[in-house]
Amino acid sequence: MRVKKYRANTIKEAIGRVRKVLGPEAMIISTRKLRGRGEDNGFEIAAAQPGDDISNKDSNPLGEVKSELMSIKEMIYLLNHSDGIMERLMMNPGILNLYARLIRNGVNDHYARIFLERAGALKGHPPNHMDNIRRKAIREIMQTIEVRDPFEARLPQPGMSGQAGDKNRIIAAFIGTTGVGKTTTIAKLAAQLMLKTRKKVGIISIDNYRIGAMEQLKTYANILGIPCFPAFNRKDLVFALKRMGGRDVVLIDTAGQSQYDTSRIEELRKIITADLDISCHLLLSVATTESEMNKAAINFGPLNCHSYIFTKADEAERCGSIINQIMKLRLPISYITTGQNVPEDIEKANREKILNLLLSRN
Ligand SMILES: Nc1nc2c(ncn2[C@@H]2O[C@H](COP(=O)(O)OP(=O)(O)OP(=O)(O)O)[C@@H](O)[C@H]2O)c(=O)[nH]1
Ligand SMILES: [Mg+2]
């Protein structure tokens, strides 16, 4: 491997030099601020040609593995997307690489910096501490992700009178904007709860806006051989829940609401009252824009949701909005859906898997 070193007064100039000589795919082996005796002030970048064997630890001055290195192209991306932080992180390509990955996967720059800051990455530690700091930053991200399985243990619901049904029954309502995947997710969950955990499941649909909404759900329920009732108002719902006595789990589908239609959200809140011991779960599509996602999370707030279900992760170009959303409004994640196939394309939320989604784009 031929490692070449390039020096310049600023990091930008040094990157420019590498790019000119070695091209945008050149891999950065090390970066260093020059401040020793006899050295100019400025920066030094050691880089190698693309295709050179830089995975060999013996020939790599930093002992880094290739996957932790960055290309000049990536560095230029970072330079343009984050002000000033490059100079502070540049002593260690491993940390820089983590930061770059978070940004490229759509994690908000502000939050990416919070994770690095909490791990102490911005304090100017010597390079040999940086592996530890990288691990700490990853731990910080993991700790932010809270996961919860709504069907594992009953969720405590203050003010519950138990008037509508059995003590150990779990009733879960699925809330979200039109087309986010509520009905499909219910079908997936109903099948999985039945087949994997042998639960007795029932379905209720509170969709008094669309003719035919019930049909989609009924089709799934018929295939599974489980009861499925409509409920147009609170009285219907109480009645349907009574008829579902003896079921372990009742899944409630709701009409898709515009996140801007607060009056309809309020209407739904009046039907799903706290005394019925229903836990609400908010579906957010990872494939939508972040501001839409945030608006939905805020406007559905009055329903006091117990968890997020992130849908359409398969369609999303980047999944950073998951952690951005959690950093804004902290709620646990219960499920992630990953496609249109019923019942396969749903996964219980898992911290490691979510972390992988956040770091998946190289
Ligand atoms: N790619 C992908 N598509 C999904 C996923 N979940 C649901 N869909 C699709 O999204 C579309 C809408 O799904 P529905 O389950 O009908 O959505 P909904 O929230 O019930 O919609 P409304 O009842 O109209 O509010 C369907 O074509 C589903 O197949 C997913 O995880 N990935
Ligand atoms: Mg639906």
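Remember, it's a predicted structure, so these values are computed and weren't measured experimentally.

What counts as what
Residues numbered from 1 in each chain as written. Chains lettered and ligands numbered in written order. Predicted model: local features only at pLDDT ≥ 70, side-chain atom pairs only at ≥ 80, totals over all residues. Axes fitted to C-alpha atoms, helices over the stretch in contact; angles between N-to-C directions. Helix = DSSP H or I, 4+ residues; strand = E, 2+ residues; numbered from the N terminus. Left-handed = near helix turned anticlockwise from the far one by under 90°. Contact = placed C-beta atoms within 7 Å. Nonpolar A, V, L, I, M, F, W, Y, C, P; charged D, E, K, R; others polar. Near = placed C-beta within 6 Å. Buried ≥ 20, exposed ≤ 12 C-beta atoms within 10 Å, placed from the backbone. Pairing = 2+ DSSP bridges. Expected span 1.5 Å × (residues − 1). Parallel < 35°, antiparallel > 145°, perpendicular 65-115°, else oblique. Core = buried A, V, L, I, M, F, W, Y, C linked by C-beta atoms within 7 Å. Domains from an automatic or database assignment. pLDDT = per-residue confidence, 0-100.

Peer 1: Explain the packing of helix H11 (residues 290-299) against helix H12 (residues 321-328) to me, please; I cannot follow it from the model alone.
Peer 2: In a packed pair of helices, the relevant descriptors are the angle between the two axes and the axis-to-axis distance. Two numbers describe how H11 lies on H12: the axes approach to 11 Å, and their chain directions differ by 35°. Crossing handedness for the pair H11 and H12: right-handed. Listed contacts from H12 to Glu290, Met293, Asn294 and Ala297 of H11 are Ser321, Asn324, Gln325 and Lys328. Taken together, the residues of the contact of H11 with H12 break down into two nonpolar, four polar and two charged.

Peer 1: I'm lost on the site of ligand 1 in this one. Help?
Peer 2: Taken together, 18 residues form the shell around ligand 1, and within it Gly181, Thr183, Thr184, Gly256 and Thr337 come nearest. If you tally residues by element for the shell around ligand 1, the top one is helix H7 (residues 182-197), at three residues. For the shell around ligand 1, the residue count by class is one nonpolar, twelve polar and five charged.

Peer 1: It is not clear to me how the pairing of strand S5 (residues 170-175) should be interpreted in this structure. Could you clarify?
Peer 2: Two faces make up the sheet, and in a regular strand the side chains alternate between them. Extensive coverage of S5 is indicated by the burial of six of its six residues. Residues of S5 alternate between two faces, with Ile170, Ala172 and Phe174 on one and Ile171, Ala173 and Ile175 on the opposite face, all of them buried. Of the pairings in the sheet, the one linking S5 to strand S9 (residues 278-285) comprises five bridges and is parallel in character. By the bridge assignment, phenylalanine 174 is partnered in S9 with histidine 281.

Peer 1: Could you clarify how one ought to interpret unusual backbone geometry in this entry?
Peer 2: Glycine aside, the phi torsion of most residues is negative, and most peptide linkages are trans. Across the junction of valine 342 and proline 343, the peptide omega takes the value 5°, indicating a cis bond. For proline 343, the location among the structural elements is in the loop between strand S11 (333-337) and strand S12 (346-348). The phi angle at asparagine 304 is positive, at roughly 45°, despite the residue not being glycine. Mapping asparagine 304 onto the fold places it in the loop between H11 and strand S10 (307-311). You can call asparagine 304 partly exposed: it has 14 C-beta atoms within 10 Å.

Peer 1: For this particular structure, what's the right way to read H7?
Peer 2: Residues that lie three or four places apart on an α-helix share one face, since the helix turns once every 3.6 residues. Relative to the 22 Å expected for 16 residues at 1.5 Å per residue, H7 spans 21 Å between its end C-alpha atoms, a close match to the ideal helical length. Taken as a whole, H7 has its buried residues at Lys182, Thr183, Thr184, Thr185, Ile186, Ala187, Lys188, Leu189, Ala190 and Leu193. Positive backbone phi, at 55°, marks arginine 198, one or two positions downstream of H7.

Peer 1: Is there a simple way to think about the packing of H7 against helix H8 (residues 213-224) in this case?
Peer 2: Axis separation between H7 and H8 bottoms out at 10 Å; the angle between their running directions is 10°. Compared by their axis directions, H7 and H8 come out roughly parallel. Helix-helix and strand crossings are classified by hand; for H7 and H8 the assignment is right-handed. Of the residues in H8, those touching H7 at Thr183, Ala187, Ala190, Ala191 and Met194 are Gln216, Leu217, Tyr220 and Leu224. Class assignment for the residues of the contact of H7 with H8 results in seven nonpolar, two polar and no charged.

Peer 1: Just checking my understanding: could you explain the sheet that holds strand S6 (residues 201-206) for this structure?
Peer 2: In a beta sheet, neighbouring strands pair by backbone hydrogen bonds and run either parallel or antiparallel. With respect to topology, eight strands assemble into an open sheet ordered S7-S6-S8-S5-S9-S10-S11-S12, the strand pairing being mixed. Each edge of the open sheet is held by one strand with a lone partner, namely strand S7 (228-230) and S12. When strand polarity is set aside, the average angle formed by the axes of neighbouring strands in this sheet is 25°. In this fold helix H9 (residues 234-243) packs onto S5, S6, S7 and strand S8 (249-254), with an angle of close to 170° to the strand it touches most, S6.

Peer 1: Just checking my understanding: could you explain the nonpolar core for this structure?
Peer 2: What tends to happen in soluble globular proteins is that the nonpolar side chains get buried as a cluster. Residues Ala47, Tyr99, Ala190, Leu251 and Ile252 are the most contacted members of the largest nonpolar core, which totals 98 residues. Top element by residues in this core is helix H4 (residues 93-104). It accounts for seven residues. Taken together, domain 1 (3-144) and domain 2 (170-358) each give at least three residues to this core, which thus spans both.

Peer 1: Any chance you could explain the environment of methionine 27 here in plain terms?
Peer 2: Considering the arrangement of structural elements, one finds methionine 27 in strand S2 (residues 27-34). Owing to 24 C-beta atoms within 10 Å, methionine 27 belongs among the buried residues under this scheme.

Peer 1: Before we go on, may I ask you to explain the confidence of the model for the chain in this structure?
Peer 2: Caution is warranted with low-pLDDT regions, since their predicted coordinates should not be read in detail. Summary statistics for the chain give a mean pLDDT of 84 and a share of 83% for residues scoring 70 or more. Low confidence marks residues 54-67, where pLDDT is under 50. Its contacts with residues over four positions away, or in another chain, come to 22 contacts. Low confidence marks residues 161-165, where pLDDT is under 50. Its contacts with residues over four positions away, or in another chain, come to twelve contacts.

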